[in-house]
4 protein chains.
Amino acid sequence: MTKIILAGGFGKLGEAIQNGLKADYEIVGILSGHQHNSDIPVWTSLEDIDVSADIWLDVSTPATVYENAQYAIAHNMALVIGATGLSDAQVTHLKASATNGILIVPNFSLSAVLLMQFSKTAAQYFPDVEIVEAHNPKKVDSPSGTAKQTARMIASSRQKAPAQTSVGEARGERVDDVPVHAMRLPGYIAQQTVYFGGIDEQLTLSQSTTSRAAFVPGVIMSLNAVTKLDHLVIGLDQLLN
Amino acid sequence: MTKIILAGGFGKLGEAIQNGLKADYEIVGILSGHQHNSDIPVWTSLEDIDVSADIWLDVSTPATVYENAQYAIAHNMALVIGATGLSDAQVTHLKASATNGILIVPNFSLSAVLLMQFSKTAAQYFPDVEIVEAHNPKKVDSPSGTAKQTARMIASSRQKAPAQTSVGEARGERVDDVPVHAMRLPGYIAQQTVYFGGIDEQLTLSQSTTSRAAFVPGVIMSLNAVTKLDHLVIGLDQLLN
Amino acid sequence: MTKIILAGGFGKLGEAIQNGLKADYEIVGILSGHQHNSDIPVWTSLEDIDVSADIWLDVSTPATVYENAQYAIAHNMALVIGATGLSDAQVTHLKASATNGILIVPNFSLSAVLLMQFSKTAAQYFPDVEIVEAHNPKKVDSPSGTAKQTARMIASSRQKAPAQTSVGEARGERVDDVPVHAMRLPGYIAQQTVYFGGIDEQLTLSQSTTSRAAFVPGVIMSLNAVTKLDHLVIGLDQLLN
Amino acid sequence: MTKIILAGGFGKLGEAIQNGLKADYEIVGILSGHQHNSDIPVWTSLEDIDVSADIWLDVSTPATVYENAQYAIAHNMALVIGATGLSDAQVTHLKASATNGILIVPNFSLSAVLLMQFSKTAAQYFPDVEIVEAHNPKKVDSPSGTAKQTARMIASSRQKAPAQTSVGEARGERVDDVPVHAMRLPGYIAQQTVYFGGIDEQLTLSQSTTSRAAFVPGVIMSLNAVTKLDHLVIGLDQLLN
């Protein structure tokens, strides 16, 4: 069984990962900011770690991810990083240090990654497109990072300018000339829909996730892939066939 | 067969009405700004009209609708008005003059009228709601009149304030504190969706029309109702059971 | 504070009710098939109950609901019944015994109840309609009870026969001549959509619930209403304005 | 300007093509079963054709397409075939005869072709999937050819069996173990939606076309591509990047 050290194992994603991996992987220890009751060894600092593993899986915080990554490299582990917060310079440095595979995954949701890929492809043929995302009112920023990234990917691939369209407050925020609309409603967790319009034709792509359990298949895909890599790769989309 | 005089019979809606009514009503003449080839008598001014009818159906222009309506009342016809542009004072005056039924119908789309009614009811229970409408890029104003009216009806019936939500360009135009989002895309004619969110619960109401033929059932409902009225009524919703 | 006795308080719905009511109601005791650790007194048989309450809220099982209801009536409580399994004869008997309000609620979901009401109204104008429901693969029966009830309400109110349409395995199960389609997919909890089609016009009504917390607002509406009743009423729809 | 001979130019698709190509291509003649008034020369048999062209575009009938194709090859034209009805043997023979490009296009709708491609990709990651298509009641067969082909492409690429799910009339027709549901409603022209479900995750892909004008961009893409080919290719998907 592949051995995993899990950094950030008691956050919401960490807990979902603990549940999701237990059948097929051996989590040999968890690095966490605080001590927790657990069947698995829990360390609160890198110095306490007393075992080795095949893969370091990091879903910790911006404050800790870089130091963790250096530790994992120094101890000859492959590395899957789901935590945010690495600077460009840090990524460059990790890339130069990589001897085993390093996989940085900004978004573990397979449906979100596929949505972005499909949107990028469709934009080649349908330059007219708008995005509507919906999240819970607790999400304070808008539009979502996924919606913005989708807009950028659309903009990067479309080959014609979209039709000139009306302006006004109701017309959304333009992200690289893609109107993006954000709804904030109870009953919604995380959803986005990309609407393409052509001549007498509509193409609509939508995805939603309702808990962090949705990210576990993407984590597993990452763990399976990283041991076959020998360099740094960014994005789950790089693993798609 | 009920006899109809049709004012504005060669606009897009007028043509759809001509097609839609021919089986069940007798259109005895058409008033139009210009002469047209037609099997039905066409008049270009009120003075030319030389027949009578049971109902005057007016889908003409803001410039002509009021004078037309006065003519119809003077000639003892019931009156269905789909044309826009009557001032409040003109409506008040028509109301005072009415001896037969007068029905003013801002929107002949049954699906749109039902959507507004249902949204008004749902808002009593789900104060958190947003509207997304989609039209062709040729539509220059945003949001649509239907979306704005729907927002106002929602606001008039909700009994609790919606949750405070994030602001920003992507968050739409607030119409009576209902966020309204407008998409302008080829392939879309006229569509609107009302999203209600509750605790772990979603209620979504949507309607679209793809041609003015969609308005004919509402026109027929209006013609059937107006002969049973003896006063002025506004809105197809007043005819719903 | 209104005092409640909760029967079936440790099922999934019971737990959601415990959480949802704690701010505004006083749950003075819970009747359950088994003893549970709880801050609230837990009884495992009717004889053990040693307090009184304003309302008996029953979300227990078909095996216990009728005896519970008789107990509540005998002890002068109003009664909200969410448990299934009452026979017609039992309902008739409860109706005859009622001195306080009795509210039997087959479905506490406000969005589901509104969907059914709206569908019933829309069917008067749009006789052509199909239903698609989606649930988790664990749900073994199809179509869902809500979908079937919606179909029956549609059939009861439509005033014209629907267009004759093609047959075949893909065309769904006809429930009172309404085609009903059932999807069974992971990632779906409970969702149904009612598609109405008219001439160049679409009206689409949809609702979903993702946890039993969605039922709490309907429970609260029921508790508020039942104390103002003096007879037996069936269905949350009877409480809508 | 590229010269086109259009076979079947007065069917619905033929008319849409005449309108759609006039700006960018020169249609030098139209082959049709019947004489029509037209600014462009119209021939009613192959022997009457007295001009040459770069591309033969065939949207005629199963009865004529094969003979037409042989004529085009014999006269050194590239060939785009949108007509149905070629047998496997005929395709094989055309393939062997090809000196210029031959492009057989079962579906000119870009949104439909993209939907199928995306569905094939997504099925690798989400084996649990159902299809709902909606067409006008006039369509007598069900499910649609596009839905069936989409199901087959999904089945060909999924790598795990879907979850065992309930059976029953409401559960649709199984096409290669993909449940397919067909709605037949006025107001719908041609629409299909593919629902993928994962753990707490949904991915939904949908497309619709509302007139044959929607097929013109696919026709143009085919005309642009075929002159760069030197052999027989089947499917617009082969031209996607």
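About the cut-offs
Residues numbered from 1 in each chain as written. Chains lettered and ligands numbered in written order. Predicted model: local features only at pLDDT ≥ 70, side-chain atom pairs only at ≥ 80, totals over all residues. Heavy atoms only, no water. Core = buried A, V, L, I, M, F, W, Y, C linked by side-chain atoms within 4.5 Å. Buried < 20%, exposed > 50% of the residue type's maximum accessible area, 1.4 Å probe, protein only. Contact = heavy atoms within 4.5 Å. Least-squares fit on C-alpha atoms with pLDDT ≥ 70 in both. UniProt positions renumbered as here; feature names shortened; annotations may be inferred. Helix = DSSP H or I, 4+ residues; strand = E, 2+ residues; numbered from the N terminus. Pairing = 2+ DSSP bridges. Axes fitted to C-alpha atoms, helices over the stretch in contact; angles between N-to-C directions. Buried area = accessible area lost by both parts, 1.4 Å probe. Salt bridge = Lys/Arg side-chain N within 4 Å of Asp/Glu carboxyl O. Polar contact = N/O pair within 3.5 Å; in protein donor to acceptor, adjacent residues only side chain to side chain. Right-handed = clockwise from strand over helix to strand, strands pointing away.

Draft legend 1. Representation of the nonpolar core. Of all hydrophobic cores here, the largest spans 107 residues; its most connected members are Phe 196 of chain A together with Phe 196 of chain D. Residues in contact with Phe 196 of chain A, not counting those within four places in the same chain, are Ser 119, Ala 122, Ala 123, Phe 126, Asp 128, Val 129, Ile 154, Glu 201, Gln 202, Leu 203 and Leu 205 of chain A together with Tyr 188 of chain B. Counting residues in each nonpolar core, the second largest holds 104 residues, with Leu 110 and Val 129 of chain B together with Leu 223 and Leu 229 of chain C among its members.

Draft legend 2. Just the relation of the copies chain D and chain A, in detail. Laying chain D over chain A is done by rotating through 180° and shifting 0.0 Å along the axis; what remains is an RMSD of 0.1 Å. Each copy turns onto its partner about a two-fold axis. The position closest to the rotation axis in chain D is occupied by the C-alpha of Leu 205 of chain D, lying 2.4 Å away.

Draft legend 3. Local environment of the UniProt feature "domain: Dihydrodipicolinate reductase N-terminal" (unreviewed entry) in chain A. Residues annotated by UniProt as "domain: Dihydrodipicolinate reductase N-terminal" (unreviewed entry) correspond here to residues 3–108 of chain A. Across residues 3–108 of chain A, helical content stands at 28% and strand content at 23%; the span's end C-alpha atoms are separated by 20 Å.

Draft legend 4. Expanded view of the sheet that holds strand 7 (residues 129–135) of chain D. Taken together, 10 strands build an open sheet; the order of strands is 8(A)-9(A)-7(A)-10(A)-11(A)-11(D)-10(D)-7(D)-9(D)-8(D) and the sheet is mixed. Each edge of the open sheet carries a strand with a single partner, namely strand 8 (173–175) of chain A together with strand 8 (173–175) of chain D. On average, each strand axis in the sheet is inclined to that of its neighbour by 20°, with strand direction left out of account. Where strand 7 (residues 129–135) of chain A meets strand 10 (residues 190–198) of chain A, seven bridges bridge the pair, whose relative direction is antiparallel. For Glu 130 of chain A, the partnering residue across the bridge sits in strand 10 of chain A and is Tyr 195 of chain A.

Draft legend 5. Focus on the interface of chain D and chain A. Contacts between the two partners involve 33 residues from chain D and, on the opposite side, 32 residues from chain A. Carbon and sulfur atoms make up 58% of the surface buried where chain D meets chain A, a total of about 2,600 Å² over both sides. On the surface where chain D and chain A come into contact, there are zero salt bridges. At the junction of chain D with chain A, the criterion picks out 14 residue pairs in polar contact (both at pLDDT 80 or more). For the side of chain D that touches chain A, the secondary-structure elements that each account for two or more residues are helix 4 (110–123), strand 11 (201–209) and helix 6 (216–226) of chain D. For the side of chain D that touches chain A, the element with the most residues is strand 11 of chain D, which contributes nine residues.

Draft legend 6. Focus on the pairing of strand 1 (residues 3–7) of chain D. All names here are of chain D. Of all five residues in strand 1, four are buried, a share of seventy percent or more. Taken together, the five bridges between strand 1 and strand 2 (residues 26–31) define a ladder with parallel strand orientation. Among the inter-strand pairings, Ile 4 is bridged to a residue of strand 2, identified as Ile 27. This β-α-β element, strand 1 to helix 1 (residues 12–21) to strand 2, shows right-handed connectivity. In this structure, strand 1 lies alongside strand 4 (residues 55–58), joined through four bridges in parallel fashion. Its bridge partner lying in strand 4, Leu 6 is registered against Leu 57.

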